[in-house]
Structure formats: C-alpha cells, structure tokens
Amino acid sequence: MISVENLTKSFGDNVVLDHISTAFPAEETTVILGPSGSGKSTFLRSLNLLERPESGVLHLEDLTIDYAQPISSKTTLAARQVTEMVFQSFNLFPHLTVLKNIIEGPVHVLKTPKADAEKEARELLQQVGLADKADSYPAQLSGGQAQRVAIARSLAMHPRYILLDEPTSALDPELELEVLKVLLKIHDENQSMIIVTHNMSFAKQVANKILFLEHGKMRYDGPTAGFFNSDDARIQAFLASMT
Ligand code: ADP
Ligand code: MG
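Residues numbered from 1 in each chain as written. Chains lettered and ligands numbered in written order. Predicted model: local features only at pLDDT ≥ 70, side-chain atom pairs only at ≥ 80, totals over all residues.

## Considerations on the sheet that holds strand β6 (residues 83-86)
Across the sheet, six strands lie side by side as β6-β7-β8-β3-β9-β10; this open sheet has mixed pairing. In this open sheet, the two strands that pair with only one neighbour each are β6 and β10 (217-223). Averaged over all pairs of adjacent strands, the angle between strand axes in this sheet comes to 15 degrees, irrespective of strand direction. Against the sheet, helix α1 (residues 40-47) makes contact with β3 (29-33), β6, β7 (161-165), β8 (192-196) and β9 (209-214), and its axis sits at roughly 150 degrees relative to β8, the strand it touches most. (Pairing = 2+ DSSP bridges. Helix = DSSP H or I, 4+ residues; strand = E, 2+ residues; numbered from the N terminus. Axes fitted to C-alpha atoms, helices over the stretch in contact; angles between N-to-C directions. Contact = placed C-beta atoms within 7 Å.)

## Overview of the UniProt feature "domain: ABC transporter" (unreviewed entry) in the chain
Those residues carrying the UniProt feature "domain: ABC transporter" (unreviewed entry) are residues 2-240 in this numbering. Along residues 2-240, the helical share is 39% and the strand share 26%, with 31 Å between the first and last C-alpha atoms. (UniProt positions renumbered as here; feature names shortened; annotations may be inferred.)

## Structural notes on the sheet that holds strand β1 (residues 2-11)
Here we have four strands laid out as an open sheet, ordered β2-β1-β4-β5, and antiparallel in their pairing. Whereas interior strands pair on both sides, the edge strands pair on one side only; in this sheet they are β2 (14-24) and β5 (63-66). On average, each strand axis in the sheet is inclined to that of its neighbour by 15 degrees, with strand direction left out of account. Where β1 meets strand β4 (residues 55-60), five bridges bridge the pair, whose relative direction is antiparallel. Within β4, the position partnered with Ile-2 by the bridge is Leu-60. Across the sheet, helix α2 (residues 73-82) lies against β4 and β5, angled at about 125 degrees from β5, the strand it touches most.

## A look at the packing of helix α4 (residues 114-127) against helix α5 (residues 143-156)
Look at α4 against α5: their axes get within 9 Å of each other, and the N-to-C directions meet at 135 degrees. Put simply, α4 runs oblique to α5. Crossing angle aside, the handedness with which α4 passes α5 is right-handed. Packed against α4, whose contacting residues are Glu-120, Ala-121, Leu-124, Leu-125 and Gln-127, the element α5 presents Ala-152, Leu-155 and Ala-156 at the interface. (Parallel < 35°, antiparallel > 145°, perpendicular 65-115°, else oblique. Left-handed = near helix turned anticlockwise from the far one by under 90°.)

## A few points about the nonpolar core
Counting 63 residues, the largest nonpolar core has Ile-32, Ala-152, Leu-163, Ile-194 and Ile-210 as the members making the most contacts within it. Of the residues forming this core, the biggest block, seven residues, is contributed by α5. Every residue in contact with Ala-152, bar those within four places of it in the chain, is listed here: Ile-102, Leu-124, Leu-125, Gln-127 and Val-128. (Core = buried A, V, L, I, M, F, W, Y, C linked by C-beta atoms within 7 Å. Buried ≥ 20, exposed ≤ 12 C-beta atoms within 10 Å, placed from the backbone.)

## So, the site of ligand 1
Taken together, Phe-11, Asn-14, Val-16, Gly-34, Ser-36, Gly-37, Ser-38, Gly-39, Lys-40, Ser-41 and Thr-42 make up the full set of residues near ligand 1. Counting residues per element, the shell around ligand 1 draws most heavily on α1, at three residues. Considered class by class, the residues forming the shell around ligand 1 number two nonpolar, eight polar and one charged. (Near = placed C-beta within 6 Å. Nonpolar A, V, L, I, M, F, W, Y, C, P; charged D, E, K, R; others polar.)

## Let's talk about α4
The end-to-end C-alpha distance of α4 is 20 Å, a good match for the 20 Å that 14 residues give at a rise of 1.5 Å each. Of all the positions in α4, only Ala-117, Ala-121, Leu-124 and Leu-125 are classed as buried. Viewed end-on, α4 has its buried residues packed into an arc of 100 degrees, placing them on one side of the element. Seen from the open side of α4, the exposed residues pointing more than 90 degrees away from its buried face are Ala-115 and Asp-116. Residues of α4 that are buried sit in contact with α3 (98-108) and α5. Taken from the residues just after α4, Gly-129 is the one with a positive phi, measuring 75 degrees. (Expected span 1.5 Å × (residues − 1). Arc of directions from axis to C-beta.)

## Some points on the packing of α3 against α5
Viewed as axis vectors pointing N to C, α3 and α5 meet at an angle of 25 degrees, and their least axial separation amounts to 8 Å. It follows from the interaxial angle that α3 and α5 lie roughly parallel. Where α3 crosses over α5, the handedness of that crossing is right-handed. Across from Val-98, Asn-101, Ile-102, Gly-105 and Pro-106 in α3, the residues of α5 making contact are Val-149, Ala-152, Arg-153 and Ala-156.

Have a look at this one:
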C-alpha cells in the first residue's frame, strides 16, 4: 500500500498541492482526475520523488519518507523500486533495440542474469502484443507500439506500482485504444497502478478508486461509481467539460 499524509507542494507562491492525504490500495488501479493545471502531474511525480514537496509524509509499503527531511540516493532508489513511472513520451533509448530497452533495467539495476531477463522480456512483449518487434528500434515503431514497449519495460522491473501520466495523450485515437487495452489487461492481472488520464470512459472501466484534484485540493477520494454518479456541482461541471 502507498499513502501520503499532508503532502504540500508549492512553486513559488503557487500552492499546487495543499495538504493532500490519501491512499493507493495495492493490486488496484487508482485514477487521478482533475482540470488541466490542478496538480495531477506534480502529485504523481511526488510519489516517485521526481518532485520534492516541502512537507508531508510518503509511505511506500514499509518505507517511510518525510519530504521535509533530506532524502538519500539510496532511499530514492528504494522508492523507485516500489513505483515505476511510465512517461508520456515513452523515453525509450533510441540506439537500443526493443528487447535491449526492456532488459536494460533488469540486467543493470536488478542484476538479473541476461538470459533470464531476455526470456522475460519476450514474454512481456507477447503480453503487450509486440512479440515480433523484439529486434526493432524505437524509431521503427508507431507511438502506440512505443508506449506498449515502455509499459513492458516498466513491468520488467517488477515495481509494486506503475505510475502513468496521461499515457495516451501523445497518440492518435486508434493507437490510444491498443494501449488502453494493454492497461486494462494488466489491471485484470492485479498490477497496482496509479493513472492520470483525460479519457473518462477508460477511467470508468479501469479505476477501482478515483481521486479528483481541483485547485490543489482533493475534492473526491472514493469509489469510481460514486464519482461518476456524484451530485456535487463541481464534479458534474468537470464531467460535462470532458465530454
Ligand atoms: P496537471 O498535471 O493537473 O495539468 P501540473 O501538476 O502539471 O498540473 O501543474 C500544476 C501547477 O503547477 C500549474 O499551475 C503549473 O503551472 C505549475 N507547475 C508545474 N510544474 C512547475 C514547475 N516546474 N515550475 C513552476 N510551476 C510549475
Ligand atoms: Mg499533467
């Protein structure tokens, strides 16, 4: 389980996250929603220590991090074995084949023997529907394929949680669908995920829990159905703006 208590993050005078407390249940998918600029990316990045809130406490399973205290590189590394971020822009290594992209982390960080890492990488490629792309280079892939490789690469690290910030925002609608299908499949296999998305039908399908951020405050934190059937005027206005 991941949780945060009183997470507060400002950029200058701009309080982007104001005393946020919540939990992300294991083996479930939590979806973070909110208008543009509401702090969703900053929040997700804070969980992965890519942003540094000025105060608050982060619990990553049995690892506790006080944001106000110095954080060692050892702690950062340990934190990133609990949560693995999949970036919008995939961040694949352009000079490495798909297979080599996937085994890079397992071989160099987890010290997995190369043959074992390759075997698992091929299984993961199968899982994301790209068994035939092992020897391709990132430039030879469509955006949807590149994003599925990025997802396979994150799964290869066996993080407890995968964090995805608008994973399909760079993709055309027909390519978006193939990525969402993969995420739904991973969700069905009980991979713990935290996803920021603007796709409401996907959110409705995949989320066990919804967090709704607005103006730095958590305006909703609860079950998916309760959010989409909410009679809160702000939530209704948000949902109306998304259709
Ligand atoms: P969202 O992902 O919900 O669109 P963000 O977390 O990206 O929102 O941004 C929340 C607020 O923080 C915005 O007002 C944005 O301009 C500001 N912000 C984000 N990153 C930075 C930064 N590195 N420096 C200054 N302001 C930032
Ligand atoms: Mg964002």
